[in-house]
Amino acid sequence: MSSSSSSGALFALALAAVCLAGCGHVETREMVLRPNELTEPKGRAEIYVGAQKPPRPVYEVALLQAFATGDSATLENLTGALAARAGQLGCDAVVRVRVDTGRGQSHAYGVCARYGRSEAPASAPPEVAAPPPEAPEPAEAAPEPPPEPVPRSL
Amino acid sequence: MKASPWLILGACLLTAGCSSVRANAVHTGGERLPARTGPVALYALDAPAGAKELGYVEVSAVGEEGNVETLLPAFVEKVAKLGGNAAHIEGTQARFELVPRSNYDTMWYPCGFRMCAGTRMWTTMDEAMVVRMYGRALFVEGLGTKVPLGKPISMAPVAGGSAR
């Protein structure tokens, strides 16, 4: 078999694999709120949609998002992606899950949470910390130092 | 085929730092606090007990920018501008809009002894995803004195044990 025919066969095989797998992909994004509380990956986390409450108290560890396009933009794929990613982050549940679907793409959001109670609230990561305000308040502004004497030229 | 003028314009806008992130915040209630610096506590489930509500915050972005990494900093910035030391994220949702997009194509073809140029224009409808994060700016008494979890955050000077 010549190299051109073998490469053609490989291309056809890859094309068939793509067609069988369908078009589209699923992608997850997250913002970890408690990096110190990330633990070993667990199995898939439980999913709680909307106002559904988990059986025990939970606290937030991260914000999760999932995007899907094409044939992958299904409810099952999106919630599955959230549950899998939450499990990787060591979360027990994804709560407040909301899924919005368009024509060719979908979006899901949820809060990656762990069972228990946390002593302190989550903080914005350092790169998210609030920047200084644009104009400082006049009351808190330090008084201006006296002007330094300017040397006179003779 | 040559590059369409819309493509060039889009590239210019992108290189100029054009962003789709929109952030809005309004004061609600009678409480008014000055803008603050320093850490902002995040509550993504329930608001803390005893928190004073300062305002409503909403940030949104289109397409690739519609992710939590982009939206959360803008949300926190608005909370801090309202004087809040805590942000309650009530939800994040997406809506999908069909946006018309004009496409141009220039082709060259032989006409007589020279080449002629022809341009055609057609419109396609693209689906754009707009992701919106919304919630409240809160002030929680004594929150600034607690050591936050996670990486150390540069704390703003705290006067008299208050986070203001």
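Shown above is the structure to which this text applies.
Residues numbered from 1 in each chain as written. Chains lettered and ligands numbered in written order. Predicted model: local features only at pLDDT ≥ 70, side-chain atom pairs only at ≥ 80, totals over all residues. Heavy atoms only, no water.

### Structural notes on the packing of aromatic side chains
The description of an aromatic ring pair uses the distance of the two centres, along with the angle that the planes make with each other.
At step 1: Across all of its chains, the model carries zero aromatic pairs over all chains by this definition.
At step 2: Positioned above the aromatic ring of A:Tyr115 is the side chain of A:Arg56, whose terminal nitrogen or guanidinium carbon lies 4.0 Å from the ring centre.
At step 3: Cation over ring: B:Arg120 sits above B:Trp122, and NZ or CZ is 4.7 Å from the ring centre. (Phe/Tyr/Trp six-rings, centres within 6.5 Å; stacked < 30°, edge-to-face > 60°. Lys NZ or Arg CZ within 6 Å of the ring centre and 35° of its normal.)

### Side note on the pattern of salt bridges
At step 1: Within the structure shown, the criterion is met by 14 salt bridges over all chains.
At step 2: A:Arg96 is the partner of B:Asp46 in a salt bridge, and the nearest nitrogen-oxygen pair spans 3.1 Å. In this pair, B:Asp46 is assigned in the loop between β2 (41-43) and β3 (52-62) and A:Arg96 in strand β4 (residues 93-101), connecting two distinct chains.
At step 3: Here B:Arg136 and B:Glu90 are joined by a salt bridge, their closest N and O atoms 3.0 Å apart. Residue B:Arg136 is found in strand β5 (residues 114-139), and its partner B:Glu90 is found in strand β4 (residues 86-111); the two are separated by 46 residues along the sequence.
At step 4: For B:Glu90, a relative accessible area of 29% corresponds to the partly exposed category. (Salt bridge = Lys/Arg side-chain N within 4 Å of Asp/Glu carboxyl O. Helix = DSSP H or I, 4+ residues; strand = E, 2+ residues; numbered from the N terminus. Buried < 20%, exposed > 50% of the residue type's maximum accessible area, 1.4 Å probe, protein only.)

### Overview of the nonpolar core
At step 1: A:Leu63, B:Leu72, B:Phe75, B:Ile89 and B:Met133 are the most contacted members of the largest nonpolar core, which has 38 residues in total.
At step 2: Counting only elements with at least two residues in this core, the list comes to β3 (58-69), β4 and β5 (105-115) of chain A together with β3, α2 (68-81), β4 and β5 of chain B.
At step 3: Ranked by residue count, the leading element in this core is α2(B), at seven residues. (Core = buried A, V, L, I, M, F, W, Y, C linked by side-chain atoms within 4.5 Å.)

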